[in-house]
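Next come the chains, spelled out residue by residue.
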Amino acid sequence: MIHDPTKRYTSTSAHQANLQERGITIKSTGISLHAELSDEDIKDVEAHQPTKGNQFLINLIDSPGHVDFSAEVTAALRVTDGALVVVDTIEGVSVQTETVLRQALAERIKPVMIINKVDRALLELKLSKEELYQSFRKTIESANAAIAPYVDPAVGDVQVHPNQGTVAFGAGKDGWAFTLRQFAIMASNKFGVKKERMMERLWGDNFYNQQTKKWTKNSNDPERERGFNMFVLTPIYQVFNTVMGSDETKHAMDPDVVALCERMGITMKGEAREFKGKALLRDMMQKFLPAAEALLEMMIIHLPSPVVAQKYRAETLYEGPMDDKNAVAIRDCDPSPDAPVMMYISKMVPSADRGRFFAFGRVFSGTVKAGLKVRIQGSDYIPGTKVQTKAIQRTVLMMGGKTEPLEDCPAGNICGLVGIDQFILKSATLTTDESAHNLRVMKFSVSPVVNVAVTPVNAQDIPKLVEGLKRLSKTEPGIIVKTSESGEHIISGAGELQLEIALKDLEEDHANIPIKKSNPIVECTRPLISHTNFRPRNCAATLISSRARKVAQ
Ligand SMILES: Nc1nc2c(ncn2[C@@H]2O[C@H](COP(=O)(O)OP(=O)(O)OP(=O)(O)O)[C@@H](O)[C@H]2O)c(=O)[nH]1
Ligand SMILES: [Mg+2]
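Thresholds, definitions, all that
- Residues numbered from 1 in each chain as written.
- Chains lettered and ligands numbered in written order.
- Predicted model: local features only at pLDDT ≥ 70, side-chain atom pairs only at ≥ 80, totals over all residues.
- Heavy atoms only, no water.
- Phe/Tyr/Trp six-rings, centres within 6.5 Å; stacked < 30°, edge-to-face > 60°.
- Helix = DSSP H or I, 4+ residues; strand = E, 2+ residues; numbered from the N terminus.
- Buried < 20%, exposed > 50% of the residue type's maximum accessible area, 1.4 Å probe, protein only.
- Lys NZ or Arg CZ within 6 Å of the ring centre and 35° of its normal.
- Domains from an automatic or database assignment.
- Contact = heavy atoms within 4.5 Å.
- Buried area = accessible area lost by both parts, 1.4 Å probe.
- Pairing = 2+ DSSP bridges.
- Axes fitted to C-alpha atoms, helices over the stretch in contact; angles between N-to-C directions.
- Expected span 1.5 Å × (residues − 1).

**A look at the packing of aromatic side chains**
Then, number 1: Counted under the stated rule, the structure contains 17 aromatic pairs.
Then, number 2: On the numbers, 5.4 Å between centres and 85 degrees between planes, the contact of Phe 191 with Phe 231 is edge-to-face. Here Phe 231 lies in helix α9 (residues 227-244) and Phe 191 lies in helix α7 (residues 180-191), a separation of 40 residues in the sequence.
Then, number 3: For Phe 191, a relative accessible area of 23% puts it in the partly exposed group.
Then, number 4: Three or more aromatic residues joined by ring pairs make a cluster, and in this case those are Tyr 133, Phe 136, Phe 169, Phe 178, Phe 183, Trp 203, Phe 228 and Phe 288.
Then, number 5: One residue, Arg 78, lies across the ring of Tyr 344, its end atom 4.6 Å from the ring centre.

**As for the domain arrangement of the protein**
Then, number 1: As assigned here, the protein comprises domain 1 (82-302), domain 2 (307-431) and domain 3 (450-552).
Then, number 2: Every contact between the two is made by twelve residues of domain 2 and, on the other side, ten residues of domain 3.
Then, number 3: In total, about 920 Å² of surface goes out of reach between domain 2 and domain 3, with carbon and sulfur atoms giving 48% of it.
Then, number 4: Sorting the residues of domain 2 by area buried against domain 3 places Arg 354, Phe 357 and Lys 426 first, and these three jointly supply 57% of that buried surface.

**Details of the sheet that holds strand β19 (residues 428-431)**
Then, number 1: Strand order in this open sheet of eight strands is β14-β13-β19-β10-β11-β18-β15-β16, and the pairing throughout is antiparallel. Bordering the open sheet on either side are β14 (388-391) and β16 (402-406), each of which pairs with just one other strand. In this sheet, adjacent strand axes meet at a mean angle of 40 degrees when their direction is disregarded.
Then, number 2: Two strands pair when backbone bridges link them, and strand β15 (residues 394-399) and β16 are joined in this way by five bridges, in the antiparallel orientation. Each residue of the ladder has a partner; that of Met 398, found in β16, is Thr 403.
Then, number 3: This element, helix α15 (residues 462-475), spans β10 (342-350) and β11 (357-365) of the sheet and lies at about 130 degrees to β10.

**Digging into the sheet that holds strand β7 (residues 207-209)**
Then, number 1: Ordered by their spatial adjacency, three strands build an open sheet running β8-β7-β9, and the pairing between neighbours is antiparallel. The outermost strands of the open sheet, each flanked by one partner alone, are β8 (214-216) and β9 (224-226). Within this sheet the neighbouring strands show an average axis-to-axis angle of 30 degrees, counted without direction.
Then, number 2: Pairing geometry for β7 and β8, over three bridges, is antiparallel. When the bridges of β8 are listed, Phe 207 appears paired with Thr 216.

**Some details on α15**
Then, number 1: The terminal C-alpha atoms of α15, which comprises 14 residues, lie 20 Å apart, in line with the 20 Å expected from a rise of 1.5 Å per residue.
Then, number 2: Along α15, the residues that are buried comprise Leu 465, Gly 468, Leu 469, Arg 471, Leu 472, Ser 473, Lys 474 and Thr 475.

**Observations regarding the pairing of strand β13 (residues 373-377)**
Then, number 1: Extensive coverage of β13 is indicated by the burial of four of its five residues.
Then, number 2: Here β13 runs beside β19; their pairing, made up of three bridges, is antiparallel. Along β19, the bridge assignment pairs Gln 377 with Thr 429.

This is the structure we're talking about:
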């Protein structure tokens, strides 16, 4: 479980850390989290899907929000079953949020949502409770409008609803978040009604009259307040107002703060007794509404387990007949030794050993372990043709930039493989069955249309450049490396920022030589003339900075 929200678990190198300062994730990074739920919580999981025991393993992949790195998102979605979509309270649903939602739904990935940076609405925008409710409502409505055209009965309801617990609200940076479930549990004790009934009342036009102690749908009653505002936002506003409300920010030992902490059942121990202002606010909010709890609960209850998800994903994933043994094993998420291994490698992740890669992917059937010989079927594999069969040397768990040894990796799980990287280009299907067809190649939502030509500063470095380009192409899902008719080496990407990073990686890591680069040239691939509304444009080398389109996801 993530306990320290100030720690960044998902930055993998100094270069990435540098980009993180600019507020951008450039590479998907996997991390596995362990969670344990109470028996009471398990009942809610069981209400949504079959489950066993109280322990859960969550394989989380943090992926970039910037449009240039959409290919990283596609690669992450292929190996997951659910998505936690992060939307900004102030910006709302952006074009890129819609793109990610569309990508997720195309892969039959179920989304849940968190509306982040709620702190800014209170501290900077100083929104009233009703204004904040209306802003949340609008954001959720826009997300659901984006989802609506892709509703897929096989996956179930993929829209998000606060009153069902599929929307969380919070401030990731400060480590606090909640869903209506937490507040419904608190309020259901007070009102003696069921939690599910309470969740219904905590969203939408459900108002409470303190005098009559009655719930009403009538917003004209002057004595009433919206359930969400009264029972969810009021305690949050109280914390913010008490600590940050006056000119002087409050100290943890201030009588108002002590009294509020007592009412909320929060204790301030050790160094927390010295906190004041924002540090105090952060500490109180984390204790009141710990983000890890809310988010893990939401993901465990509402995102499907591999067993549930593979039932409906099998037909979109597997290219072979739906009644062959591989399709059946995928559909059943069968980890048994008799089941054929079907694994999809979605990404090649550079290892500390220069020039070597972990083959990162998802086991859809069977169990992968060291020594197992697998057929390596590339993206252009034609069933019935010969392919290389290689033994897996080791299986590893990817933990941010680090790895941990793993004994084996059964169906439904994600892992990295050591020892087969030389035989995989970008992605592959691994299988133990000779008759197996491929797992479908990923469909990227952006095309690589920006080109840069590269040459080594020193001509004798050409072999190093060629080798470096091979490595770059291997590890970057959205980058294509090609040679032009005149023999120039061209790198194509989705945008300027993606290319800038690829070139830096090439120069400093993959090739490790000084490189000359041409200016980026935008390819004009689609003929626009056929569309009557378009005036013809000769697509010149004008590059609209993709950075301007940066959106916080
Ligand atoms: N006020 C406030 N700022 C936040 C919060 N969460 C993140 N930020 C800030 O928003 C910026 C972006 O945060 P990241 O966590 O890098 O966002 P991201 O969604 O991972 O961005 P990409 O990886 O580029 O898609 C940083 O400057 C954070 O400090 C929050 O809850 N409140
Ligand atoms: Mg990020």
